[in-house]
Amino acid sequence: MSGALPLPSRAPGRLGGVALVLGGALSVQFGSALAALLFPRTGVAGAVTLRLAIGALVMLVVCRPRLRGYGRRDWAAVVAFGLALAGMNSIFYQAIERIPLGPAVTLEVLGPLALSVFGARRAAAWFWAALALGGVALLGQGGFDRLDPAGAVLALTAGAMWAAYIVCSARIGARFPGADGLALALTFAALLTLPFGLADAGGRLADPAVLGLGTALALLASVLPYSLELAALRRLPTATFAVMMSLGPAIAAVAGWLVLGQALHPVEVLAIALVVAASAGAVRAAAPPPAAPPDPVTSPDPAVSAAAAARPARR
């Protein structure tokens, strides 16, 4: 008898993936609101460095990823994921320093929505992506003309990096066990941003209050959401996951209201409802079609099949 332990059963596919996406979105958007409070103390680059460096340390301690046994393509996937992480965080934080959190995430989510359209294989998926886009546009209606142009461009660029993050995260999840690939990519991203953070904040990064806020930011905006999204992409198609990212502006609007005191109007509530409906529809559209019932004419009778199986074969 083998001494190997039985593997745990896999979590439910779609419903488990939806719960993971929701948990990650809640965590990262409230983390973004916390980052806005950290900017005056560390600057944007300092906040990004704290988020990625502390997040990488936590992931390395928890995962203890092995470094041997991987090929060149595996390490190339780690480098690409690290670049996407560093770019997405740095550019987005530069955006929310210039424009409010809600509109910034509204513009940023255009990247995942574009990815969902390109990656969709069903017409229904395009409909849900369009509905999500309508909700996102409604969420930011009437305010885009007052945005700082540089901040808007940065938010759109961060959206492109977000789409790259989704693709790279799915590849990392397929190549590395658990969260090992995420830990390695997060470490690479932290090393990329460290010189800029030190130049921007210097000794302020060692202040106990700053370290406390940075640790909370790393856990809320990096460790928890990235781990949940990595697991979700193992359960959901990339196009479906990308549509569900449209929940980001809705959650960001609520986070901005609760944490930063930014007003939430009735039109925005309607927009949030549209985005939630689109996300639910995208999940349903990704469900595999039900198996067709057996044809009673062509399917063999179970009793006859059992008798045939029991009959000894001719020698």
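The structure presented is a predicted model; accordingly, all values stated were derived computationally and were not measured. (Residues numbered from 1 in each chain as written. Predicted model: local features only at pLDDT ≥ 70, side-chain atom pairs only at ≥ 80, totals over all residues. Heavy atoms only, no water.)

Here we take up the pattern of salt bridges. In the structure shown here, the tally under the stated rule is two salt bridges. Among the salt bridges present, the one from Arg175 reaches Asp74, with a minimum N-O distance of 2.8 Å. Taken together, the positions of Arg175 in helix α6 (residues 149-175) and Asp74 in helix α2 (residues 72-96) put the pair 101 residues apart, joining distant regions of the chain. Salt-bridge contacts for Arg98 lead to Glu97; the nearest nitrogen and oxygen are separated by 4.0 Å. For Arg98, a relative accessible area of 39% puts it in the partly exposed group. Accessibility expressed as a relative area gives 46% for Glu97, which makes it partly exposed. (Salt bridge = Lys/Arg side-chain N within 4 Å of Asp/Glu carboxyl O. Helix = DSSP H or I, 4+ residues; strand = E, 2+ residues; numbered from the N terminus. Buried < 20%, exposed > 50% of the residue type's maximum accessible area, 1.4 Å probe, protein only.)

With that settled, the discussion passes to the environment of Ala152. With respect to the element layout, Ala152 can be found in helix α6. Taking the C-alpha atoms as reference points, Ala152 and Ile96, 56 residues apart in sequence, are found 9.2 Å from one another. Excluding anything up to four places from it in sequence, Ala152 contacts Ile99 and Leu107. (Contact = heavy atoms within 4.5 Å.)

In this section: helix α8 (residues 208-232). Its 25 residues place the ends of α8 34 Å apart at the C-alpha level, agreeing with the 36 Å of an ideal helix rising 1.5 Å per residue. Its side-chain oxygen placed 3.1 Å from the backbone nitrogen of Ala209, Asp207 serves as the N-cap of α8. (Expected span 1.5 Å × (residues − 1). Polar contact = N/O pair within 3.5 Å; in protein donor to acceptor, adjacent residues only side chain to side chain.)

What follows is about unusual backbone geometry. Even without being a glycine, Arg64 presents a positive backbone phi close to 45 degrees. Considering the arrangement of structural elements, one finds Arg64 in the loop between α1 (13-63) and α2.

This brings us to the side chain of Thr187. Topologically, Thr187 is positioned in helix α7 (residues 180-201). Residues within four places of Thr187 in sequence aside, it is in contact with Ala56 and Leu60.

So, on to the environment of Trp126. With respect to the helices and strands, Trp126 occurs in helix α5 (residues 123-139). For the pair Trp126 and Ser116, spaced 10 residues apart in sequence, the C-alpha to C-alpha distance is 7.8 Å.

The next point concerns the packing of α6 against α8. At a minimum axis distance of 9 Å, the contact between α6 and α8 shows a crossing angle of 70 degrees. Taken together, the axes of α6 and α8 lie roughly perpendicular to each other. Handedness of the α6/α8 crossing: right-handed. Residues Tyr165, Ser169, Ile172 and Gly173 of α6 pack against Tyr226, Glu229 and Leu230 of α8. Broken down by class, the residue content of the contact of α6 with α8 amounts to four nonpolar, two polar and one charged. (Axes fitted to C-alpha atoms, helices over the stretch in contact; angles between N-to-C directions. Parallel < 35°, antiparallel > 145°, perpendicular 65-115°, else oblique. Left-handed = near helix turned anticlockwise from the far one by under 90°. Nonpolar A, V, L, I, M, F, W, Y, C, P; charged D, E, K, R; others polar.)

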